[in-house]
Amino acid sequence: MEQDTNLLRIAIKAAKTSKDKGNLPYGCVLVNKEGEVLLTGENTINTDRDILAHAEINLIREAGKLYDHEFLKNCTIYTSDEPCPMCASAIYWSGLGKLTYGLSKDAYYELVGRDDPNWVFEIPVRDVLNSGQRPVEVSGPHLEDEIATLHISKN
């Protein structure tokens, strides 16, 4: 778990960087089976003016250019927050073998509320990934108190 904690903190750092750039505070990291960091991803929906530029999508787009499906099945994606259904599907289709995430959607919505129906999409990542025929290992939530501060602080 110590290695998972360290790798989640890299994803948290990417989320902080994303927030500092004016984007939403989400980040992720791709790690090979040896535990080496291959790529990091940040949310760029505001700076890229791309509503689909979630951290996981950005990372998976880059990973797909560099690695094949066979390689990715032995990799893990660490995400600061539980992925949305779009990102969970991208994780599945990319072939990634494992997901470890920080803040759960339940905890996130408890922090920010459920008032805007345009931004509430509550399908747990496990439900999305378990709907496929290929298994994807999921671990989380982890470090929720630490990550929650990204969503409630102004800086």
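Above this text sits the structure in question.
Residues numbered from 1 in each chain as written. Predicted model: local features only at pLDDT ≥ 70, side-chain atom pairs only at ≥ 80, totals over all residues. Heavy atoms only, no water.

(A) Quick look at the pattern of salt bridges. Inspection of the entire model under this criterion finds eight salt bridges. The residue K21 makes a salt bridge to E42 at a minimum N-O spacing of 3.2 Å. Of the two residues, K21 is situated in the loop between helix 1 (2-20) and strand 1 (27-31) and E42 in strand 2 (residues 37-42); the sequence distance between them amounts to 21 residues. A salt bridge links D50 to R61; the nearest nitrogen and oxygen atoms lie 3.8 Å apart. Here R61 lies in helix 2 (residues 55-66) and D50 lies in the loop between strand 2 and helix 2, a separation of 11 residues in the sequence. Here R61 falls in the partly exposed class, since its relative accessible area comes to 41%. Salt bridges here are not isolated pairs; linked through shared partners, they connect E110, R114 and E122. (Salt bridge = Lys/Arg side-chain N within 4 Å of Asp/Glu carboxyl O. Helix = DSSP H or I, 4+ residues; strand = E, 2+ residues; numbered from the N terminus. Buried < 20%, exposed > 50% of the residue type's maximum accessible area, 1.4 Å probe, protein only.)

(B) Focus on the packing of aromatic side chains. Counted according to the given criterion, the structure contains four aromatic pairs. An angle of 20 degrees between the planes, with centres 4.7 Å apart, marks the rings of Y67 and F71 as stacked. In this structure Y67 comes out as partly exposed when scored by relative accessible area, which is 22%. Taking the relative accessible area as the measure of exposure, F71 reaches 32% and is therefore partly exposed. (Phe/Tyr/Trp six-rings, centres within 6.5 Å; stacked < 30°, edge-to-face > 60°.)

(C) Spatial organisation of the state of the cysteines. Evaluated as defined, the whole model comprises zero disulfides. Not engaged in a disulfide, the cysteine C28 finds its nearest cysteine sulfur in C87; these two sulfurs lie 8.1 Å apart. Residue C28 is classed as buried on the basis of its relative accessible area, which comes to 0%. The thiol of C84 is not disulfide-bonded; the next cysteine sulfur, from C87, is found 3.7 Å away. (Disulfide = S-S within 2.5 Å.)

(D) Broad picture of the nonpolar core. In terms of nonpolar packing, the biggest core is built from 34 residues, with L30, I91, L96, L99 and L129 touching the most fellow members. Elements with a contribution of two residues or more to this core: helix 1, strand 1, helix 2, helix 4 (85-94), strand 4 (98-103), helix 5 (105-112), helix 6 (125-130) and helix 7 (144-152). Once residues within four sequence positions are removed from consideration, L99 is found in contact with T76, I77, T79, P83, I91, V125, L129, V136, E137, V138 and S139. (Core = buried A, V, L, I, M, F, W, Y, C linked by side-chain atoms within 4.5 Å. Contact = heavy atoms within 4.5 Å.)

(E) Molecular detail of helix 5. If you check which residues of helix 5 are buried, you get K105, Y108 and Y109. Down the axis of helix 5, the buried set is contained in an arc of 95 degrees. They therefore lie on one face. Among the exposed residues of helix 5, those pointing more than 90 degrees away from its buried face are D106 and E110. Buried-residue contacts for helix 5 involve strand 3 (76-81), strand 4 and helix 7. At the C-terminal side of helix 5, G113 shows a positive phi close to 90 degrees. (Arc of directions from axis to C-beta.)

(F) Structural context of the environment of D81. Take D81: it is sitting in strand 3. As for D81 and L103, which are separated by 22 residues in sequence, their C-alpha atoms are 4.4 Å apart. D81 has contacts with P25, Y26, E56, Y101, G102, L103, Y108, I147 and H151, leaving out every residue within four places of it along the chain. Within the structure, D81 has its side chain in polar contact with the side chain of H151 (distance 2.7 Å). (Polar contact = N/O pair within 3.5 Å; in protein donor to acceptor, adjacent residues only side chain to side chain.)

(G) A look at the pairing of strand 2. Two elements, strand 1 and strand 2, share five bridges in a ladder whose sense is antiparallel. Directly across from L30, in strand 2, lies its bridge partner L39. Connecting strand 1 to the next strand, strand 2, in antiparallel fashion are five residues, including G35 with a positive phi near 85 degrees. (Pairing = 2+ DSSP bridges.)

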